[in-house]
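Descriptive analysis of the structure
Now for the letters of each chain:
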Amino acid sequence: MKKEGYDCARLAEAAAEHGTPLQVASRRKLEGNLALARETLRPFGWQDNIFYSYKTNPVPEVLKILHQGGAGAEVISERELDLALSLGVPPDRIVFNGIYKSPTALGTAVERGIRCVNIDAPQELEILSALAGKTGRRVPVGLRVRPSVGWQGQFGFPIGDGSARGMARRISADKGLDLGVIHFHLGTSDFKAYRRAMDETLGFIRELKQNMDIGIKALDIGGGFPGRDMRMLALWEQAWLRFFDRPWPFKMPAPDDGFKVLGETADHFSRAVKKRGLEGLELWCEPGRLITGDAQVLLVRVVALRRSGNVNYAIVDGGRVGAAAPLAGETRRIRNLTSRPGQYARYDLVGPTCMPWDRLAAGVSLNKVEIGDIICIEGAGAYFVPLETEFSFNRPTFILGNL
Ligand SMILES: Cc1ncc(COP(=O)(O)O)c(C=O)c1O
């Protein structure tokens, strides 16, 4: 039996065969999402400038499919860099980001000749400069800047207060470094935020060209394109949940379509570049949730039922603590794979640990649940796997299937 594209019987079979909790990734959806992102960028010639963000779902089987489909790798740690190289990703298809890059990892990056190291902390400049001196090669670098929108705090060099300009000057004064990329990452955003960030950053790139003769070749706009099958909880929803311990009772608008946001962003970029006389400047991006978010589901088994106060609790063998950390601030479609037509009830779906917050969802409407039923949490392909824990229970098993 199929429900909106998911083959419930096959998923239930997979749960029976491999046990639960179980992560099931779909080759078809992974290939489809990447192909769609590439098609979105193809009219501009930037289809090869997609660097999948490893941190989002660092599962080798998934990464291999994405690399076969034409994605490069965006890595933020020594381990991720080593993983990309061990999977055979050509060095010039790897972009290295992050606010801490170990000296060993920077050494590997320079020695293997990766596409670009995006400098995000002042000390990286000295380390890279020394490595360039040792190898006698100019090191291609980028600079992470911080526009006035999106994530602030410890990330990047602000454009507004002149820090980005100062850092660009220091990098360009170093003969061992070749500054060719400007990078930002906003966090999950809508088109308006990308537009503003790009306009500010393109102004900065033009200034570098005119005042310092620095020829930037690419703007790397990071990730943050909304994924399908997932929604961030609005602040007031979170507050309501905290205060009343019940979900927000009103219907919320669907999130923006991330592929549409990507297309609008690319379109705006191509026009803005021409307007500023920056022809030839390329767009790079590092999507994570857009590509893998809806390509994976988490299956958990109902192991106990109880009623306490007015609440029905369905206790499952994988909760927020062990298997689904993003559900602290996000929400997903959740369904019972066993269909009992016409019989619906509301449940608090909680995990098996002793943590009171080990809850996947509060007051979720499900087909009447019995012990042994398999519950499917959709949109589990972004930040579920890397945030899993082994708190008292085993991590979910992972399989590649076809959803
Ligand atoms: C620098 C950078 N690039 C890309 C991503 C991927 O973001 P998303 O999964 O929202 O697309 C992140 C996520 O934190 C990031 O920090």
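To keep things clear, this report deals only with the structure shown in the data block. None of the values given here were measured: they were computed from a predicted structure.

On to the packing of helix 4 (residues 78-86) against helix 5 (residues 103-112). To describe two helices that pack against each other, one gives the angle between their axes and the distance between the axes. For the pair helix 4 and helix 5, the least separation of the axes is 9 Å and the interaxial angle reads 30°. The angle between the axes of helix 4 and helix 5 places the two elements in the roughly parallel class. Relative to helix 5, the crossing made by helix 4 is left-handed. In contact with Glu78, Leu81, Asp82 and Leu85 of helix 4, helix 5 contributes Thr104, Ala105, Thr108, Ala109 and Arg112. Classifying every residue of the contact of helix 4 with helix 5 gives 4 nonpolar, 2 polar and 3 charged.

Here we come to the pattern of salt bridges. Using the criterion set out here, one finds 26 salt bridges in the structure. The shortest N-O distance in the salt bridge between Glu74 and Lys55 comes to 2.7 Å. Separated by 19 residues along the polypeptide, Glu74 in strand 5 (residues 72-75) and Lys55 in the loop between strand 4 (51-53) and helix 3 (60-68) bring together distant segments of the chain. Assessed through its relative accessible area of 2%, Glu74 is described here as buried. On the basis of relative accessibility, which here comes to 25%, the residue Lys55 falls in the partly exposed class.

Take the side chain of Glu330 next. Tracing the backbone shows Glu330 in strand 16 (residues 330-331). A polar contact of 2.8 Å, which involves the side chain of Glu330, links it to the side chain of Arg332. Not counting residues up to four positions away in its chain, the partners in contact with Glu330 are Arg231, Met232, Leu233 and Arg289.

The local shell around the ligand holds 15 residues, among which Gly224, Glu286, Gly288, Arg289 and Tyr383 are the closest. Contact distances for the ligand include 2.8 Å between an oxygen atom and a backbone N or O atom of Gly224. Between the ligand and Tyr383 there is a distance of 2.5 Å, counted from an oxygen atom to a side-chain nitrogen or oxygen. If the ligand stood free it would expose 400 Å²; the protein chains cover 93% of that surface. A per-class count over the shell around the ligand returns 3 nonpolar, 8 polar and 4 charged.

Attention shifts here to the packing of helix 8 (residues 191-212) against helix 10 (residues 258-275). Here helix 8 crosses helix 10 at 25°, and the two axes come no closer than 10 Å. Between helix 8 and helix 10, the interaxial angle falls into the category roughly parallel. The handedness of the crossing between helix 8 and helix 10 comes out as right-handed. For the pair helix 8 and helix 10, contact is made by Phe191, Tyr194, Arg195, Met198, Asp199 and Leu202 and by Val261, Glu264, Thr265, His268, Phe269, Ala272 and Val273, respectively.

Here the focus is the pairing of strand 5. By the alternation rule, side chains of strand 5 split into Gly72 and Glu74 and Ala73 and Val75, which are all buried. The sheet contact formed by strand 4 and strand 5 spans 3 bridges and is parallel. Within the sheet, the bridge partner assigned to Tyr52 lies in strand 5 and is Ala73. Handedness of the crossover is the feature at issue here: the chain leaves strand 4, passes through helix 3, returns alongside strand 5, and the resulting connection is right-handed.

Parameters at a glance
- Residues numbered from 1 in each chain as written.
- Predicted model: local features only at pLDDT ≥ 70, side-chain atom pairs only at ≥ 80, totals over all residues.
- Heavy atoms only, no water.
- Axes fitted to C-alpha atoms, helices over the stretch in contact; angles between N-to-C directions.
- Helix = DSSP H or I, 4+ residues; strand = E, 2+ residues; numbered from the N terminus.
- Parallel < 35°, antiparallel > 145°, perpendicular 65-115°, else oblique.
- Left-handed = near helix turned anticlockwise from the far one by under 90°.
- Contact = heavy atoms within 4.5 Å.
- Nonpolar A, V, L, I, M, F, W, Y, C, P; charged D, E, K, R; others polar.
- Salt bridge = Lys/Arg side-chain N within 4 Å of Asp/Glu carboxyl O.
- Buried < 20%, exposed > 50% of the residue type's maximum accessible area, 1.4 Å probe, protein only.
- Polar contact = N/O pair within 3.5 Å; in protein donor to acceptor, adjacent residues only side chain to side chain.
- Near = heavy atom within 4 Å.
- Areas by Shrake-Rupley, 256 points an atom, 1.4 Å probe, with all protein chains shown as cover.
- Pairing = 2+ DSSP bridges.
- Right-handed = clockwise from strand over helix to strand, strands pointing away.

None of the figures reported here should be taken as evidence of function without further support.
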